[in-house]
Amino acid sequence: MKKSTQIIYPMLIAVAIVIGIYIGKYYDRMFTTPIIYSGQNKIEGLLNMIKRQYVDTVNIDSLIETAIPKIIGELDPHSTYISAADLQMVNDDLEGTFSGIGIEFSILEDTVTVVGVISGGPSEKVGIIPGDRIIAVNDTAFTGNGISNEKVLKRLRGPKGSEVKLTLSRISASEPIEMLVTRGDIPVNSVDAAFRTNDGIGYIKVSKFGRNTYTEFLNSLAKLRREGSDKFIIDLRGNTGGYMESAINMVNEFLPKGYLIVYTYGNASPLNQAFSNGTGIFKESPVIVLVDEWSASASEIFAGAIQDNDRGLIVGRRSFGKGLVQQQIPFSDGSAVRLTIARYYTPSGRSIQKEYKMGDSEGYDMDIIHRYEHGEFYTRDSIHLNDTLKYHTLLGRTVYGGGGIMPDVFVPRDTLGNTPYLTNIINQGLMYQFAFKYADDNREKLKQYQNANEMLKYLQRQPILDKFVSYAASKGVKPRPVYINISKKIINNTLYAYIARNIIGDEAFYPIILMDDNTFIKAVELLNDEDTYINMLISGKE
């Protein structure tokens, strides 16, 4: 018995030791931080670790959607991530067409109001007219504080051939009207207006550089030439850019063969140069380009090529300063990254990209505010030009890199007529609201006027200002007679332009609103003074 005990005890101890070793290894695997497999990068390994070992169930896809924008946000300010849900809408704006119902709308008093109906589009075919209010979509109420432009677009756009049921409120109808609209292809225009001024100058307003912008632009130039225009103003103010190819093709219309338009270069992108091919039919036409602090990217390619080749004059204020080229790279789930792959340079060799710190998009976005605070919008002397980034045009004029296109002729923001009353009604959007209401109430009468001149003559005979002051008072803005008299010209012309737009469209809006536009007026003055125009191209001085 004693001998057997001596044998069993050592065996039990040995077994216990073995079990202890296995238990220890098990718990070591459970609670010791694992090493990410050497074949994975840290992000992939971390996500796998969370998926296998995190205490709660986690939506890995959601984590990725949150993480990617933060990673991209550590790069330059123009690289960006676009989710699958937003990509289609982002692309539609530049692609030239989208599928929808074919209306222009505005949200007034928490209600989607039809401002315009696209000719030949789905809405016109079923009888929707300007002034209709959309109060329900597919039998679901669609009014109230939560309505936004994004929500409207998501509800009204959709696949071509699909249907959407709209419930409309119409002034002339006692009961709501229901209409079934079949969505179709809707063109996205990027040339907002093209008209011949009283001086015979052709004016073209380009709002973006989309897929079809060059075609629209060429058609506008041809139309204006048929009407007798041989000098042109190209208005790129507020144009934040788009496709570089469109800008290159548009500049080509004004340049002889063999002129450098733009070149790009990046760490992984070889040198790429674009030259004019000599096929342009406006190579001899005097041209002026209008820019401001919101003219960016492709707008700056266009303006830079015109300026550096001494092909025309740039008038306005310093442009935004975006000289980075993005490439859209899709993911399999329908999302995409717009990644900066190169910088672009104007013909003189300028990079007009303004300074930025990697990952500091907030500081970058504040640049425009800083320009305003430093007085740059009001005086040319407030602009700091870096002498180490000095370049020269073909004829030897001095130009600068390092932050936007500096205009040949600086035109400050106009402060004449600014008053607290004007600021108040602008901030509350009252002029736009009143203009729509006036157009809506008088639509039948106003429809007989077919162009800006006819409309303007009629409106100038009406007591528009008095009616507006009463309207503003009903919205809580107390009349201030002294201020109103100072701002009278601005208020009247803005109201005339908005009313004309609501009836005729942008072709009537721009001829009226530009009557008090000092930048436009200066451009007309220069084109009408041939000696000054040519002298500035040669010497850079008036």
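What counts and what doesn't
- Residues numbered from 1 in each chain as written.
- Predicted model: local features only at pLDDT ≥ 70, side-chain atom pairs only at ≥ 80, totals over all residues.
- Heavy atoms only, no water.
- Pairing = 2+ DSSP bridges.
- Helix = DSSP H or I, 4+ residues; strand = E, 2+ residues; numbered from the N terminus.
- Contact = heavy atoms within 4.5 Å.
- Axes fitted to C-alpha atoms, helices over the stretch in contact; angles between N-to-C directions.
- Salt bridge = Lys/Arg side-chain N within 4 Å of Asp/Glu carboxyl O.
- Buried < 20%, exposed > 50% of the residue type's maximum accessible area, 1.4 Å probe, protein only.
- Parallel < 35°, antiparallel > 145°, perpendicular 65-115°, else oblique.
- Left-handed = near helix turned anticlockwise from the far one by under 90°.
- Nonpolar A, V, L, I, M, F, W, Y, C, P; charged D, E, K, R; others polar.
- Arc of directions from axis to C-beta.

Identification of the chain as S41 family peptidase from Candidatus Caccoplasma merdipullorum is taken from an unreviewed UniProt entry.

Enquirer: Teacher, can you tell me more about the sheet that holds strand 12 (residues 232-235) here?
Expert: Whether parallel or antiparallel, the strands of a sheet pair through hydrogen bonds between backbone atoms. Spatially, 10-11-12-15-16-21 is the arrangement adopted by the six strands of the open sheet, whose pairing is mixed. Each of the sheet's edge strands pairs with one partner strand only, and the pair in question is strand 10 (191-196) and strand 21 (409-410). Contacts between helix 9 (residues 298-308) and the sheet are confined to strand 12, strand 15 (287-291) and strand 16 (313-316), with strand 15 contributing the most and set at about 140° to the helix. Running over the sheet, helix 18 (residues 506-513) touches strand 10 and strand 11 (202-206) and is turned about 65° from strand 10.

Enquirer: Just checking my understanding: could you explain the pattern of salt bridges for this structure?
Expert: A side chain with one charge can pair with a side chain of the opposite charge if their charged atoms come near. Taken as a whole, this structure holds 23 salt bridges when the rule is applied. The shortest N-O distance in the salt bridge between Glu-293 and Arg-413 comes to 3.3 Å. Taken together, the residues span a long stretch of sequence, with Glu-293 in the loop between strand 15 and helix 9 and Arg-413 in the loop between strand 21 and helix 12 (420-427) at a distance of 120 residues. Judged by relative accessible area, Arg-413 falls into the partly exposed class, the value being 33%. As a salt-bridge pair, Arg-371 and Glu-376 come within 3.8 Å of each other at their nearest N and O atoms. By relative accessible area, which is 3% here, Arg-371 ends up buried. Look at Glu-376 and you get buried, because its relative accessible area is 6%. The network of salt bridges with shared partners includes Arg-318, Lys-354, Asp-367, Arg-371 and Glu-376.

Enquirer: Explanation requested: the packing of helix 13 (residues 430-441) against helix 17 (residues 481-503) in the structure shown.
Expert: Pairs of packed helices are described in terms of their axes, by the angle between the two and the distance that separates them. Following both chains from N to C, one finds helix 13 and helix 17 inclined at 50°, their axes separated by 8 Å at the closest point. Here helix 13 lies oblique to helix 17, going by the angle between them. Between helix 13 and helix 17 lies a crossing whose hand is right-handed. Residue-level contacts link Met-431, Tyr-432, Phe-434, Ala-435, Phe-436, Tyr-438 and Ala-439 of helix 13 to Ile-491, Thr-494, Leu-495, Tyr-498, Ile-499, Asn-502 and Ile-503 of helix 17. Among the residues forming the contact of helix 13 with helix 17, the class breakdown is 12 nonpolar, two polar and no charged.

Enquirer: Any chance you could explain the environment of Thr-197 here in plain terms?
Expert: Checked against the element boundaries, Thr-197 lands in the loop between strand 10 and strand 11. Remark: the alpha-carbon pair of Thr-197 and Ser-229, spanning 32 residues in sequence, is separated by 8.7 Å. With residues near it in sequence (within four places) discarded, Thr-197 still touches Tyr-203 and Phe-520.

Enquirer: What's the story with helix 15 (residues 452-460) in this structure? I'm lost.
Expert: Helical geometry note: an α-helix holds 3.6 residues per turn, so side chains three or four residues apart project in the same direction. Within helix 15 the residues assigned to the buried category are Ala-452, Met-455, Leu-456, Tyr-458 and Leu-459. Summarising the axial view, the buried residues of helix 15 lie within an arc of 165°, below the 170-degree limit, and thus occupy one face.

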